[in-house]
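# Chains, contacts and geometry: an overview
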Amino acid sequence: MNTAQVTARSIVFLLFMCFVAPLYASANTILILGDSLSAAHGVPTERAWVQLLKKRLDDDGLPQWQVVNASIGGETTDGGARRLPGLLEEHDPDVVVIELGGNDGLRGFPPNVIESNLADMISRVQASGAETVLVGMQIPPNYGQRYTQMFADIFPKLSERFDTALVPFFLDGIYDQEGFMQDDGIHPTAEAQPRLLDNIWPALRPRLD
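Just so we're clear, the structure is a prediction, and the values are computed from it rather than from any experiment.

It is worth spelling out helix α6 (residues 111-127) at this point. Its 17 residues place the ends of α6 24 Å apart at the C-alpha level, agreeing with the 24 Å of an ideal helix rising 1.5 Å per residue. Those residues of α6 not exposed but buried are P111, I114, E115, N117, L118, A119, M121, I122 and V125. Considering only its buried residues, α6 is in contact with β1 (28-34), α4 (77-91), β3 (95-99), α5 (102-106), β4 (131-135) and α7 (145-162).

With their axes 9 Å apart at the nearest point, helix α3 (residues 49-59) and helix α8 (residues 193-204) run at an angle of 55 degrees to one another. Regarding the angle of α3 to α8, the classification is oblique. In the packing of α3 onto α8, the handedness of the crossing is right-handed. Along the contact surface, α3 presents W49, L52, L53, R56 and L57, while α8 presents Q193, P194, L196, L197, D198, I200, W201 and L204. In the contact of α3 with α8, the residues fall into 10 nonpolar, one polar and two charged.

Turning next to the pattern of salt bridges. Under the criterion given, the structure shown has 11 salt bridges. The partner of R205 in a salt bridge is D209, with the nearest N and O atoms 2.7 Å apart. Using a relative accessible area of 76% as the deciding quantity, one classes D209 as exposed. Three or more residues are tied together by salt bridges with common partners; here these are D60, R205 and D209.

Thresholds applied
Residues numbered from 1 in each chain as written. Predicted model: local features only at pLDDT ≥ 70, side-chain atom pairs only at ≥ 80, totals over all residues. Heavy atoms only, no water. Helix = DSSP H or I, 4+ residues; strand = E, 2+ residues; numbered from the N terminus. Expected span 1.5 Å × (residues − 1). Buried < 20%, exposed > 50% of the residue type's maximum accessible area, 1.4 Å probe, protein only. Contact = heavy atoms within 4.5 Å. Axes fitted to C-alpha atoms, helices over the stretch in contact; angles between N-to-C directions. Parallel < 35°, antiparallel > 145°, perpendicular 65-115°, else oblique. Left-handed = near helix turned anticlockwise from the far one by under 90°. Nonpolar A, V, L, I, M, F, W, Y, C, P; charged D, E, K, R; others polar. Salt bridge = Lys/Arg side-chain N within 4 Å of Asp/Glu carboxyl O.

Right under this line is the structure:
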């Protein structure tokens, strides 16, 4: 290879570093760690709230933010706590949305265990330097008043303890509206996905500035 070729390649490389590399360096990441409510269960992926979030970021003048959806149907707080360290290392997110706990509640897991798992996740997120958006859930009253109240109290308690952003109830304005829940009575329909995003957005948006 002659000197002219080396020089030309060096110039191309420098141009790449000056103009392209900063675009990658300025990228920010939102990590969604959730269950089937965020994994588009029974809903076309393109209509799911996480996909709608990507469009809203662009429309709101935040194209530098990318979304990584690490949600899995059936996921529990225990599973999320085990997966989180690897996800933090792989994606180095700036904001982590924790949408877990619903499956724990429906299975009757002890509230103190659910709270402990969520606390562990929040602690790990904060130790990584990222911010947390904690998504609150509620379960049907047929689980008994004492258990349902203890479960619902987990989320605001942890939000206050760790000073996180909080979505009070993810299914607010959805679970009791006709046409917004699938036949299983657990998962929102495609029509409800924009409302899910609207419930998340007020807690998430201030963390993106």
